[in-house]
Amino acid sequence: MGLFDFLKQPDINEGITAYKGVQGAVLLDVRTPQEYGEGHIPGSKNVPLQTIGQVVSIVKDKGIPLYVYCHSGARSRQAVSALQRMGYTNVNNIGGIAAYSGKVEK
């Protein structure tokens, strides 16, 4: 591990590829409903960081793989920590949609 590895952001494009390869995984967008409405990755569920506790209504099984993204990667990092504290065991921060090269839907 290099000195500045902690500064390296996850690659959202690699994260989406990994998500698509895991049957039953859930893709979470933790941006605001307004940001989500302006464009999101197809198939994602919107659970804003401010209301991350409500994820239990969408994902009841805490062992299901979760792939979390936001705009830049900062909120998704916070959401991953919160989800882990809530008992979710397979949570992945895949970064920010700002670096996403795939298609988005509105």
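That block above? That's the structure.
As for the overall build of the protein chain
Then, in step 1: Helix and strand content of the protein chain: 3 helices and 4 strands.
Then, in step 2: Listing each helix as α and each strand as β along the protein chain from the N terminus yields α-β-α-β-β-α-β.
Then, in step 3: For 106 residues, the compact-globule estimate of 2.2 N^0.38 gives 13 Å, and the protein chain sits close to it at 13 Å.
Then, in step 4: Principal-axis analysis of the C-alpha atoms places the extent of the protein chain at approximately 40 × 30 × 30 Å.
Then, in step 5: Here the protein chain holds 106 residues, and 40% of them are scored as buried.
Then, in step 6: Across the protein chain, every contact between residues at least 6 apart in sequence was considered, and the portion connecting residues at least 24 apart equals 67%.
Then, in step 7: Seen as two clouds, the 11 positive and the 8 negative side-chain charges of the protein chain have centres 5 Å apart.

A look at helix 1 (residues 12-20)
Then, in step 1: Burial in helix 1 covers these residues: Ile12, Gly15, Ile16 and Tyr19. The buried residues of helix 1 occupy an angular sector of 100° when projected down its axis, which confines them to one face. Seen from the open side of helix 1, the exposed residues pointing more than 90 degrees away from its buried face are Glu14 and Thr17.
Then, in step 2: The secondary structure elements touched by the buried residues of helix 1 are strand 1 (26-29), strand 3 (66-70) and strand 4 (91-96).
Then, in step 3: A distance of 2.8 Å separates the backbone nitrogen of Asn13 from a side-chain oxygen at the start of helix 1, and that oxygen is part of Asp11.

Some points on the side chain of Ser44
Then, in step 1: With respect to the helices and strands, Ser44 occurs in the loop between helix 2 (33-38) and strand 2 (45-46).
Then, in step 2: Looking at Ser44, its side chain comes within polar contact range of the side chain of Tyr69, at 3.2 Å.
Then, in step 3: Residues contacting Ser44, with those up to four places away along its chain left out, are Leu27, Asp29, Tyr36 and Tyr69.

Quick word on the pairing of strand 3
Then, in step 1: Taking burial as the measure, the 5 residues of strand 3 include 5 buried ones, the bulk of the element.
Then, in step 2: Here strand 3 shows a buried face lined by Leu66, Val68 and Cys70 and a second buried face lined by Tyr67 and Tyr69.
Then, in step 3: Strand direction decides the pairing type here: strand 1 and strand 3, joined by 4 bridges, are parallel. Bridging from a neighbouring strand, Leu28 pairs with Val68 of strand 3.
Then, in step 4: Two elements, strand 3 and strand 4, share 5 bridges in a ladder whose sense is parallel. From the neighbouring strand, Cys70 faces strand 4, where its bridge partner is Gly96.

Details of the pattern of salt bridges
Then, in step 1: Considering all chains together, one arrives at 2 salt bridges under this definition.
Then, in step 2: A salt bridge links Arg31 to Asp29; its shortest N-O distance comes to 2.7 Å. Each member of the pair, Arg31 as well as Asp29, carries the same accessibility label: buried.
Then, in step 3: The residue Glu35 makes a salt bridge to Arg75 at a minimum N-O spacing of 2.8 Å. Here Glu35, found in helix 2, pairs with Arg75, found in helix 3 (residues 74-85); they are 40 residues apart in sequence, far enough to count as distant.
Then, in step 4: Judged by relative accessible area, Arg75 falls into the partly exposed class, the value being 24%.

Rules of the game
Residues numbered from 1 in each chain as written. Predicted model: local features only at pLDDT ≥ 70, side-chain atom pairs only at ≥ 80, totals over all residues. Heavy atoms only, no water. Helix = DSSP H or I, 4+ residues; strand = E, 2+ residues; numbered from the N terminus. Rg over C-alpha atoms; globule rule 2.2 N^0.38 Å. Buried < 20%, exposed > 50% of the residue type's maximum accessible area, 1.4 Å probe, protein only. Contact = heavy atoms within 4.5 Å. Lys, Arg positive; Asp, Glu negative; His and termini not counted. Charge placed at Lys NZ, Arg CZ, Asp CG, Glu CD. Arc of directions from axis to C-beta. Polar contact = N/O pair within 3.5 Å; in protein donor to acceptor, adjacent residues only side chain to side chain. Pairing = 2+ DSSP bridges. Salt bridge = Lys/Arg side-chain N within 4 Å of Asp/Glu carboxyl O.

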